[in-house]
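# Understanding the architecture of this molecule
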Amino acid sequence: MSKRDYYEILGVSKSASADEIKKAYRKVAMQFHPDRNPGDKSAEDKFKEAAEAYEVLSDNDKKAKYDRYGHQAFAPGSGGFGSGHASNMEDIFSQFGDIFGEDVFGSFFGGGGSRRGGGGGGASRSRGQRGSNLRIKVKLTFEEIAKGVTKTVKVKKHVICTTCAGNGAKDKNSIQTCGTCGGSGQVRRVSNTFLGQMQTVTTCPTCNGEGSTVTAKCSACKGEGRVYGEETIAIEIPAGVQEGMQLSMGGKGNAGERGGAPGDLIIQIEEEPHAELHRDGLNVAYDLHVSFPDATFGSSLEVPTIDGRVKIKIPPGTQSGKIFRLKGKGFPEVQGYGKGDQLVYVNVWTPQHISSEERELLEKLNQSPNFKPQPDKNNKSFFERVKEAFS
Ligand SMILES: [Zn+2]
Ligand SMILES: [Zn+2]
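Scope of this entry: the structure provided in the associated data block. (Residues numbered from 1 in each chain as written. Chains lettered and ligands numbered in written order. Predicted model: local features only at pLDDT ≥ 70, side-chain atom pairs only at ≥ 80, totals over all residues. Heavy atoms only, no water.)

## A look at the overall build of the protein chain
Put simply, the rule reads: Helix and strand assignments come from DSSP, with helices taken as H or I runs of at least 4 residues and strands as E runs of at least 2, each series counted from the N terminus. Accessibility here uses a 1.4 Å probe with only protein chains present; expressed as a share of the type maximum, an area under 20% marks a residue as buried, one over 50% as exposed, and anything in between as partly exposed. Any pair of residues with heavy atoms lying within 4.5 Å of one another is described as a contacting pair. Using a 1.4 Å probe, the Shrake-Rupley method yields the accessible areas, and only the shown protein chains count as cover for residues.
Counting secondary structure elements, the protein chain contains 10 helices and 15 strands. Taken over 391 residues, the protein chain has a buried fraction of 35%. Long-range pairs, those at least 24 residues apart, make up 65% of the contacts in the protein chain between residues at least 6 apart in sequence. Here the protein chain has roughly 23800 Å² of accessible surface; of this, 50% comes from carbon and sulfur atoms.

Structure (structure tokens):
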């Protein structure tokens, strides 16, 4: 059976962003949704095909594998995306229902998202409870935020037990098909009501919907299918993030019980304060202290930026409170092309300790009319200048 290219199925290019892939999938899924195409087998196939494509392309790891090896990456037994994995309609919704919004599919599948065990085919049935999300904080310097950075962190968490490969059983022989449900994970109950016979399907109480029971537990994980360990994770942080922002990495949270899906890793961004610079949204503020002679003669001074040190020119006669704007020296927008500026506030330094010699000189200078403050009539107030600088 030849498989269509996942990008082709969703109608996106290889360079499409996660958001574009999501939008494209939503569009295709809506078009071939079984609700809109009752009894149309080819629409249902297209719907499943799109879900499979999305499952791979929406997961960074799987996408990278697919980009490298194509469909070969997920051949049965390769440990990747198992064959027939997404062939069960209810599974599609329990995994991706969230991107459609509750109202669209909620009624159709009876809120499949809250289902516990799996509904996939045969051997891949024994899926236990999903792992919980994991939260970590990552502290970043201004320089790292300005350029974006890959942070490699060691995360302590539940990982899949390597002794039993996550199924929680001592060996193959200690996994038995559930006798109550015959492996389907569901039991049907027929009850008589005044409306006639009603058939209800519920999760099998014996196996909790897993379809199989374990007669002897793996000793390494005590049957849980996971152990407490750690994983080294490379987190790609885009440029321009801010204190308090959260990033999420699907599937990098705690491993599930007995092969259940892993939770997500939620990364909370923290900013490390900079020794000299302050952040105000996209802009960076810097307090420059200039000596009185430098401000009078004019000079060239070095200032720090998030992009290294740069020289700026102070024109002769520069007043305290003057604001210079270094265009484009601020932070980049997280997902955009815009960039903030760096604002340099001039503070003319007034000496606090002087010698008697200096006092004499200054007293002489103070007699000169040039040293008498002459506020410019058009000069704006400090408050106005700050407001202007930030607009
Ligand atoms: Zn184990
Ligand atoms: Zn059962």
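## Considering the coordination of the zinc ion (ligand 1)
Cut-off, in case you're wondering: Think of the donor list as every N, O and S atom within 2.8 Å of the metal, or within 3.2 Å for Na, K and Ca; water never makes the list, so a site can look incomplete. Any site counts as irregular unless it has four donors with all angles between 85 and 135 degrees, making it tetrahedral, or four or six donors with opposite ones more than 155 degrees apart and the rest between 65 and 115, making it square planar or octahedral.
Summarising the metal site, the zinc ion (ligand 1) is bound by the protein donors C161 (SG), C164 (SG), C218 (SG) and C221 (SG), whose distances to it range over 2.3 Å. Around the zinc ion (ligand 1), the four donor atoms are arranged such that angles at the metal cover 104 to 114°; this shape is classified as tetrahedral. For C161, a relative accessible area of 1% puts it in the buried group. In this structure C218 comes out as buried when scored by relative accessible area, which is 3%.

## Observations concerning the coordination of the zinc ion (ligand 2)
Taken together, C178 (SG), C181 (SG), C204 (SG) and C207 (SG) make up the protein donors of the zinc ion (ligand 2), found 2.2 to 2.3 Å from the metal. Between the donor residues of the zinc ion (ligand 2), the gaps in sequence give the motif C-x2-C-x22-C-x2-C. With C178 in the loop between β3 (175-177) and β4 (186-193) and C204 in the loop between β5 (196-203) and β6 (212-214), this pair connects stretches of sequence that are 26 residues apart.

## Some details on the packing of helix α3 (residues 41-57) against helix α4 (residues 60-69)
A pair of packed helices is characterised by two quantities: the angle between their axes and the separation of those axes. Quick reminder of the rule: Note on geometry: axes are C-alpha line fits, over the in-contact stretch for helices, and angles between N-to-C directions span 0 to 180 degrees. The cut-offs work like this: below 35 degrees is roughly parallel, past 145 is roughly antiparallel, 65 to 115 is roughly perpendicular, and the gaps in between are oblique. Residue classes follow a fixed rule: Ala, Val, Leu, Ile, Met, Phe, Trp, Tyr, Cys and Pro count as nonpolar, while Asp, Glu, Lys and Arg count as charged, and any other residue, Gly among them, counts as polar.
Their axes nearest at 6 Å, the elements α3 and α4 cross at an angle of 105°. Of the possible angle classes, the one that applies to α3 and α4 is roughly perpendicular. Seen from α3, the contacting residues are E55, V56 and L57; seen from α4, they are K62, K63 and Y66. Looking at side-chain class alone, the contact of α3 with α4 contains three nonpolar, no polar and three charged residues.

## A short note on the side chain of K252
Definition in use: Any pair of nitrogen or oxygen atoms within 3.5 Å is treated as a polar contact; in protein, a donor-acceptor pairing is required on top of that, and neighbouring residues in sequence qualify only through side-chain atoms on both sides.
Take K252: it is sitting in the loop between β8 (246-249) and β9 (265-271). On the basis of relative accessible area, K252 is assigned to the buried category, the value being 16%. Within polar-contact distance, the side chain of K252 engages the side chain of E231 at 3.4 Å. In this view, K252 contacts D61, K157, E231, I233, G263, D264 and L265; residues no more than four positions away in its chain are not counted.

## Some words on unusual backbone geometry
Excluding glycine, a negative phi dihedral is what most residues carry, and trans is how most peptide bonds are arranged. Look at K222: it is not a glycine, yet its phi comes out positive at around 55°. Unlike most non-glycine residues, R258 shows phi in positive territory, near 40°. Looking at where R258 falls in the secondary structure, it is placed in the loop between β8 and β9.

## Considerations on the nonpolar core
Quick note on the threshold: Nonpolar cores were defined as sets of buried Ala, Val, Leu, Ile, Met, Phe, Trp, Tyr and Cys residues, with membership established by side-chain atoms within 4.5 Å.
Core analysis: the biggest nonpolar cluster contains 36 residues, and I235, I237, I267, L288 and I312 have the highest contact counts within it. Leave out the neighbours within four places in its chain, and I312 touches L288, S299, S300, L301, V303, F324, L326 and V344. By size, the runner-up hydrophobic cluster in this structure holds 23 residues, among which are A24, F32, A43 and A50.

## Here's the deal with the packing of aromatic side chains
Aromatic ring pairs are described here by two measures, namely the spacing of the ring centres and the angle between the planes. Rules: For Phe, Tyr and Trp, where Trp contributes only its six-membered ring, two rings pair if their centres lie within 6.5 Å, and the inter-plane angle classes them as stacked under 30 degrees, edge-to-face over 60, or tilted in between. A ring is scored as having a charge over it whenever the NZ atom of a lysine or the CZ atom of an arginine sits within 6 Å of its centre and within 35 degrees of its normal.
Summed over the entire model, instances satisfying the criterion amount to five aromatic pairs. Aromatic side chains Y7 and Y66 sit 6.2 Å apart centroid to centroid with 40° between the ring planes, which places their arrangement in the tilted category. Of this pair, Y7 sits in helix α1 (residues 6-10) while Y66 sits in helix α4, and the two are 59 residues apart along the sequence. This pair shows no difference in class: Y7 is buried, exactly as Y66 is. The interplanar angle of 55° and the centroid separation of 5.9 Å between the aromatic rings of F292 and F371 together place this pair among those described as tilted. With F292 in helix α8 (residues 292-297) and F371 in the loop between α9 (356-365) and α10 (382-390), this residue pair connects regions lying 79 residues apart in the sequence. Taken together, the ring pairs connect Y6, Y7 and Y66 into an aromatic cluster. Over the aromatic face of F331 sits the side chain of R279, whose NZ or CZ is 3.9 Å from the ring centroid.

## Quick notes on the packing of helix α2 (residues 18-31) against α3
Here is the rule: Crossing handedness is read from the near helix: turned anticlockwise from the far helix by less than a right angle, it gives a left-handed crossing, and turned clockwise, a right-handed one.
Contact geometry of α2 with α3 gives a least axis separation of 9 Å together with a crossing angle of 165°. When the interaxial angle is binned, α2 and α3 end up roughly antiparallel. Judged by the twist between their axes, the crossing of α2 over α3 is left-handed. Within the contact between the two elements, α2 uses I21, K22, Y25, V28 and A29 and α3 uses F47, A50, A51, Y54 and L57. In the contact of α2 with α3, the residues fall into nine nonpolar, no polar and one charged.

## Points about the sheet that holds β8
How we decide: In this description, strands pair whenever DSSP reports at least two bridges between them.
Taken in spatial order, the three strands line up as β1-β9-β8 in an open sheet, and their pairing is mixed. Only two strands of the sheet have a single partner each, and these edge strands are β1 (134-140) and β8. Taking the axes of each pair of neighbouring strands and ignoring which way they run, one obtains an average angle of 30° across the sheet. When β8 meets β9, the two strands line up antiparallel, connected through four bridges. When the sheet's bridge partners are listed, M249 is paired in β9 with L265.

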